[in-house]
Amino acid sequence: MDSVIQQKEEVEALEAIYGDEWKREESDKSFSISINKDVQLYINLSEKYPLESPPTYVLRAPTLDGETKRKIANAFEDIYLENIGGPVIYQWIECLRENVQIEQCKENNDQNEVETVIVKEIEELKVFDIIHGECISDRKSTFQGHFCVVHSQEDIRHVLNQLYENKKIAQATHNISAFRIKNESVLTQDCDDDGESHAGGRLLHLLQILDVINGIVVVSRWYGGIHLGPDRFRHINNAARQVLEQAGIVQKTTLK
């Protein structure tokens, strides 16, 4: 997969995760996100990212001291070195969020507040009851569905973050996802192929057919080296349907 395709898919994923927080700047290669009113991260996707080099960035944070900025820069570099050839922007943003939040607490000279914030974040992750389906295997490829009830874009961000805490899931070849959220009369829905072309749209179509509301389904695929052709879409749908049945969202049937 070339850099252009990987960049496009990563941008689409970030748009799905952060919504309006993720902003496109003057060109298709420049983006920004505000961590708070004083801290903004500007990202530029170079032609060699992610295959050969990291994206370039500018951190505008007048309230952060030099030591903190160096710490963030070193953390960004470590993240890139651990994920050479793969996307890193999501991890950069979450790393920056964490460091900014810690520094804000330090400024208040209240270490107890730091501990409270950290504990609260952990508790927020734990409240999401993610259901993991059974694995489906075919010709060395494995598929597994995951489902969670969500009510907002913020919920989706936390659920995905919680899923990727699992190293096995984070290292899957593809994590295809689709969600549908309805608040009052407004329906929001979207999907992400994560490199498996057209899979996200098919997964979203399944949720539409089953009328799944306020839920996200993620199907992890670990590629085994043998092309499955159209069978991969059947397995993705089966993995999604199975975990929806397990969650009690739809009645148990046999999906052909």
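Sequence order sets the numbering: in each chain, residues are counted from 1 along the sequence as written. Residue-level local features of this predicted model are given only where pLDDT is at least 70; pairs of side-chain atoms are given and counted only at 80 or more, and the full residue set underlies all totals for whole chains, interfaces and linings. Side-chain measures were taken over the full set of non-hydrogen atoms in the model, leaving aside hydrogen atoms and water.

**Quick word on the pairing of strand E9 (residues 215–222)**
Argument step 1. Three labels apply to residues, based on accessible area from a 1.4 Å probe with only protein chains included: buried if under 20% of the type maximum, exposed if over 50%, partly exposed otherwise in between. Starting at the N terminus, helices and strands are each numbered in turn, a helix being any DSSP run of H or I of at least four residues and a strand any DSSP run of E of at least two. Across the 8 residues that make up E9, a large majority, 8, are buried.
Argument step 2. The side-chain alternation of E9 yields two buried faces, one formed by Gly215, Val217, Val219 and Arg221 and the other by Ile216, Val218, Ser220 and Trp222.

**Considerations on the nonpolar core**
Argument step 1. Here, the term nonpolar core denotes a set of buried Ala, Val, Leu, Ile, Met, Phe, Trp, Tyr and Cys residues that are joined through side-chain atoms within 4.5 Å. Core analysis: the biggest nonpolar cluster contains 42 residues, and Trp22, Ile93, Leu96 and Ile216 have the highest contact counts within it.
Argument step 2. Elements represented by at least two residues in this core include exactly helix H1 (3–18), strand E2 (30–36), strand E3 (39–44), helix H2 (66–82), helix H3 (89–107), helix H5 (153–164), strand E7 (174–183) and E9.
Argument step 3. Among the elements that make up this core, the one with the highest residue count is H3 (7 residues).
Argument step 4. Whether two residues are in contact is decided by their heavy atoms: any pair within 4.5 Å suffices. Setting aside its immediate chain neighbours within four residues, isoleucine 216 contacts His146, Phe147, Cys148, Val150, Ile156, Val159, Leu160, Ala178 and Phe179.

**A short note on the packing of aromatic side chains**
Argument step 1. Two rings from Phe, Tyr or Trp (for Trp, the six-membered ring) form a pair when their centres sit within 6.5 Å of each other. Planes less than 30 degrees apart are called stacked, planes more than 60 degrees apart edge-to-face, and all others tilted. Within the structure shown, the criterion is met by 5 aromatic pairs.
Argument step 2. On the numbers, 5.3 Å between centres and 70° between planes, the contact of tyrosine 57 with tryptophan 92 is edge-to-face. Of the two residues, tyrosine 57 is situated in strand E4 (residues 56–60) and tryptophan 92 in helix H3; the sequence distance between them amounts to 35 residues.
Argument step 3. Look at tyrosine 57 and you get partly exposed, because its relative accessible area is 31%.
Argument step 4. Under the relative-accessibility criterion, tryptophan 92 is labelled buried at 2%.
Argument step 5. When the centroid spacing of 4.6 Å and the interplanar angle of 5° are considered together, the rings of phenylalanine 76 and tryptophan 92 count as stacked. One end of the pair, phenylalanine 76, is in helix H2; the other, tryptophan 92, is in helix H3, with 16 residues separating them in the sequence.
Argument step 6. Linked through ring pairs, Tyr57, Phe76 and Trp92 together constitute an aromatic cluster.
Argument step 7. When the ring centre of tyrosine 42 is taken as origin, the NZ or CZ atom of arginine 60, which lies over that ring, is 4.5 Å away. Only lysine NZ and arginine CZ atoms are considered, and such an atom sits over a ring when it is within 6 Å of the ring centre and within 35 degrees of the ring normal.

**Details of unusual backbone geometry**
Argument step 1. The step from tyrosine 49 to proline 50 runs through a cis peptide bond, and the omega angle for that step is 5°.
Argument step 2. A positive phi angle, near 75°, is found at histidine 198, a position not held by glycine.
Argument step 3. Along the chain, the position of histidine 198 falls in the loop between strand E8 (186–192) and helix H7 (199–209).

**Re the sheet that holds E9**
Argument step 1. Taken in spatial order, the 5 strands line up as E5-E6-E9-E7-E8 in an open sheet, and their pairing is antiparallel. Where the open sheet ends on each side, the last strands, each with one partner, are strand E5 (131–138) and E8. Taking the axes of each pair of neighbouring strands and ignoring which way they run, one obtains an average angle of 10° across the sheet.
Argument step 2. Bridge analysis of E7 against E9 gives 7 bridges, and the strand direction is antiparallel. Counterpart to arginine 180 in the pairing with E9 is glycine 215.
Argument step 3. Every axis in this analysis is a line fitted to C-alpha atoms, fitted for helices over the stretch in contact. Angles between the N-to-C directions lie between 0 and 180 degrees. The sheet strands contacting H7 are E7, E8 and E9, and the helix crosses E7 at an angle near 40°. One bridge is not enough; two strands pair if DSSP finds at least two bridges between them.

**Brief notes about the pattern of salt bridges**
Argument step 1. Salt bridges are defined as contacts in which a side-chain nitrogen from Lys or Arg sits within 4 Å of a carboxyl oxygen from Asp or Glu. The tally for this structure, following the rule as stated, stands at 14 salt bridges.
Argument step 2. The salt bridge partner of lysine 37 is aspartate 38, with a shortest N-O separation of 3.2 Å.
Argument step 3. The class for lysine 37 is exposed, based on a relative accessible area of 73%.
Argument step 4. A salt bridge links aspartate 138 to arginine 139; the nearest nitrogen and oxygen atoms lie 3.0 Å apart.
Argument step 5. Of the residues examined, aspartate 138 reaches a relative accessible area of 17% and is grouped as buried.

**A few points about H5**
Argument step 1. Each residue after the first adds 1.5 Å to the expected span of a helix. With 12 residues, H5 should reach 16 Å at 1.5 Å per residue; the first-to-last C-alpha distance of 17 Å fits that figure.
Argument step 2. For H5, every residue scored as buried is listed here: Asp155, Ile156, Arg157, His158, Val159, Leu160, Asn161 and Leu163.

**Description of the sheet that holds E3**
Argument step 1. The sheet built from 4 strands is open, its strands ordered E1-E2-E3-E4 with antiparallel pairing. Since the sheet does not close on itself, it has two edges, and those belong to strand E1 (22–24) and E4, each with one partner. Strand after strand, the sheet turns through a mean of 20° between neighbouring axes, direction not considered.
Argument step 2. Summarising the sheet, E1 and E2 pair through 3 bridges and their orientation is antiparallel. Paired with tryptophan 22 across the strands is isoleucine 33, a residue of E2.

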